[in-house]
Amino acid sequence: MFVARASALIKSISTTSTSRWASFSASKEKYKVLVIGAGSGGLNVANQIRDRFKSAGKALASDDIAILDAADYHYYQPGWTLVGSGLLKKTDTQQLMQEVLPKNIVHISENVQSFQPEHSSVTTTSGRKVSYEHLVVSPGLQINWDSINGLAKALANPASGVSSIYSYATCDKAWKDIDALRNGTAIFTQPTGIIKCAGAPQKIMWMAWDRYGKTGRGDKVNVNFYTGAPAMFAVKKYSDALERLRVERGVGGFFQHNLTAVDVNNRKATFKKADDSEVEVDYTLLHVVPPMGPLKVIKESPLADEAGWVAVDPATLRSTKFDNVWSLGDACSSPASKTAAAITSQTPVLTENLFQVADKGVIGTAIYDGYASCPLLTGYDQLMLCEFKYGGIPKETFASWPIIGGDQAVPNRFFYLLKKEFFPSVYWNNMVNGTWYGPDAFDRPKYNPPSAS
């Protein structure tokens, strides 16, 4: 069924209009549902909430749901690895926000300045008060570029050899630097702590390694991985496979090494080790993934847990502090990996539970099991499809499939084509419209009705 539906989608792309309905302008001060953030999580959940009420025969009015976000553009961030690998133009990862905003949903082109959950309201950056019956918080996270001394200056210097796929502005510089390198030492970093798409720091490394090998530079460029983590990956099955790959390919592995400074003039990178000692390393090319954390507006709000994330029940995605507040994606406290794939499984759960509370006053039966996926590129024409749930337990979609299935820790070309061709198409044509459900593909999950309270 998945293959048939996927084939139908790909065939339809050429005949699907790229124009989208513009959203309604902000027109009132209270909404049934207010969504904070128009990223992957916000667009997806706003559409699914609207569709869930409609499917129950209780369609909301066109001005009952609002999205609060001042961004001019929406980005397909998983595509930045492809840009850094020379496989995609970065302009293909960007669309005007007005082109992707849902129809029949109000857009408030501002950002949130503060939350007043005890009054079911937020204050925008212009000082406007907006009230809600239910609040969904999905503004993403904060990338802390300035926490690494010298990094901002290095990224702005086209001759620095320093790049990062973690922003639209710099993802194409990664490809320019990788492709231009003829010899020397290429260092790829990953910070300590939580980051979004934790496999991406080494995806770009493996693509660079393969590029050098395919262009006769494999014996002239030393590739090294410096990570603040104690292992290659958080899930043991895939970590073991990646460690074997690292050893086989002769890639240096430096664990519990956290980048703290970049000296562009002398081409040196400083790392802090687990014992707090420092080591200075020469580089020719340096790909940097900066530390990340919760947004200040979340961290300082009544919604936050001690770490600064929106405190939610990890199974229902409902706030543990306020019954009419929900959160998904990078901003929430769920211990799931912060990926777009996680959002595809979180959204229907949050939507169902919110709908049942709004309609019947009781929480729904939908449970999020922590599913996330990391399509981990290991080279051109090969990818390791890491899928797992809470506890680091593999939850693989294709393990039992004949021919293309089997052990997903073994990279193959089918998985590579999913990442390169299928996922970008399904993102723009389905996920932002709320009609892609990850492991359930195009079929919205069904849940048992809640018991009467």
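Residues numbered from 1 in each chain as written. Predicted model: local features only at pLDDT ≥ 70, side-chain atom pairs only at ≥ 80, totals over all residues. Heavy atoms only, no water.

Caption draft 1: Fine view of the packing of helix H7 (residues 200–214) against helix H8 (residues 236–249). At their nearest, the axes of H7 and H8 sit 13 Å apart, and the two run at 30 degrees to each other. By the angle between their axes, H7 is roughly parallel relative to H8. The handedness of the crossing between H7 and H8 comes out as left-handed. For the pair formed by H7 and H8, the contact residues are Gln-202, Trp-206 and Trp-209 on the first element and Leu-242, Leu-245, Arg-246 and Arg-249 on the second. (Axes fitted to C-alpha atoms, helices over the stretch in contact; angles between N-to-C directions. Helix = DSSP H or I, 4+ residues; strand = E, 2+ residues; numbered from the N terminus. Parallel < 35°, antiparallel > 145°, perpendicular 65-115°, else oblique. Left-handed = near helix turned anticlockwise from the far one by under 90°. Contact = heavy atoms within 4.5 Å.)

Caption draft 2: Examining the sheet that holds strand E23 (residues 393–394) more closely. With respect to topology, three strands assemble into an open sheet ordered E21-E22-E23, the strand pairing being antiparallel. Edge strands, defined here as strands with exactly one partner in the open sheet, are strand E21 (372–379) and E23. Strand direction decides the pairing type here: E21 and strand E22 (residues 382–389), joined by seven bridges, are antiparallel. Residue pairing in the sheet places Cys-374 in a bridge with Cys-386 of E22. Packed onto the sheet, H8 meets E21, E22 and E23 and runs at close to 155 degrees relative to E22. (Pairing = 2+ DSSP bridges.)

Caption draft 3: The arrangement of the sheet that holds strand E13 (residues 221–227) in detail. Pairing is parallel across the open sheet formed by five strands, whose spatial order is E11-E18-E12-E13-E14. The outermost strands of the open sheet, each flanked by one partner alone, are strand E11 (162–163) and strand E14 (252–255). Set on the sheet, H7 makes contact with strand E12 (184–190), E13 and strand E18 (285–287); between it and E13 the angle comes to about 170 degrees.

Caption draft 4: Representation of the nonpolar core within the structure. Counting residues in hydrophobic clusters, the biggest one holds 112 residues, and the most contacted among them are Leu-34, Phe-115, Val-122, Leu-135, Val-136, Phe-188 and Phe-233. When near neighbours in sequence (up to four residues on either side) are disregarded, Phe-233 contacts Gly-199, Gln-202, Tyr-238, Ser-239, Leu-242, Cys-374, Leu-376, Cys-386 and Phe-388. The next biggest cluster of nonpolar side chains, apart from the first, holds 16 residues, and it includes Val-162, Leu-259, Phe-271 and Val-281. (Core = buried A, V, L, I, M, F, W, Y, C linked by side-chain atoms within 4.5 Å. Buried < 20%, exposed > 50% of the residue type's maximum accessible area, 1.4 Å probe, protein only.)

Caption draft 5: Inspection of the packing of aromatic side chains at higher detail. Using the criterion set out here, one finds 19 aromatic pairs in the structure. Taken together, a centroid distance of 4.9 Å and an interplanar angle of 80 degrees make the contact between Phe-53 and Phe-355 edge-to-face. With Phe-53 in helix H2 (residues 40–55) and Phe-355 in helix H10 (residues 340–360), the pair connects residues that are 302 residues apart, well separated along the chain. The residues Phe-53 and Phe-355 share a single accessibility class, namely buried. Centroid distance Tyr-226 to Phe-254: 4.3 Å. Interplanar angle 5 degrees. Geometry classified as stacked. On the criterion of sequence distance, the pair formed by Tyr-226 in strand E13 and Phe-254 in strand E14 is long-range, its members being 28 residues apart. Here Tyr-226 falls in the buried class, since its relative accessible area comes to 5%. Here the aromatic cluster, defined as three or more aromatic residues joined through ring pairs, consists of Tyr-73, Tyr-75, Trp-80 and Tyr-168. (Phe/Tyr/Trp six-rings, centres within 6.5 Å; stacked < 30°, edge-to-face > 60°.)

Caption draft 6: Broad picture of a negative patch on the surface. Residues Asp-275, Asp-276, Glu-278 and Glu-280 make up a contiguous surface patch of negative charge. When you line up the elements, Glu-280 lands in strand E17 (residues 278–282). (Patch = residues over 30% accessible without salt bridge, like charges linked within 9 Å, V, L, I, M, F, W, Y side chains within 5 Å. Areas by Shrake-Rupley, 256 points an atom, 1.4 Å probe, with all protein chains shown as cover. Salt bridge = Lys/Arg side-chain N within 4 Å of Asp/Glu carboxyl O. Lys, Arg positive; Asp, Glu negative; His and termini not counted. Charge placed at Lys NZ, Arg CZ, Asp CG, Glu CD.)

Caption draft 7: Local environment of the pairing of E22. Most of E22 is tucked away: six of the eight residues are buried. Where E21 folds back on E22, the antiparallel hairpin that results is connected by two residues, among which Asp-381 adopts a positive phi of roughly 75 degrees. Pairing of E22 with E23 involves two bridges; the strand directions are antiparallel. Bridge pairing links Phe-388 to Pro-394 in E23. Linking E22 to E23, which pair antiparallel, is a turn of three residues; within it Gly-391 sits at a positive phi near 85 degrees.

Caption draft 8: Spatial organisation of H8. Look at H8: 20 Å from first C-alpha to last across 14 residues, which is about the 20 Å you get at 1.5 Å a residue. When H8 is considered as a whole, its buried residues turn out to be Tyr-238, Ser-239, Ala-241, Leu-242, Leu-245, Arg-246 and Arg-249. Burial along H8 is one-sided: seen end-on, the buried residues are contained in an arc of 165 degrees. Turned more than 90 degrees off the buried face of H8, the exposed positions are Lys-236, Arg-244, Val-247 and Glu-248. Against H7, E14, E21, E22 and E23 lie the buried residues of H8. Two residues or fewer after H8 comes Gly-250, characterised by a positive phi angle close to 70 degrees. (Expected span 1.5 Å × (residues − 1). Arc of directions from axis to C-beta.)

Caption draft 9: How the structure looks around the pairing of E17. Here strand E16 (residues 268–273) runs beside E17; their pairing, made up of five bridges, is antiparallel. Within the sheet, the bridge partner assigned to Thr-270 lies in E17 and is Glu-280. As consecutive antiparallel partners, E16 and E17 are separated by four residues, and within that stretch Asp-276 has a phi angle of approximately 75 degrees, a positive value.

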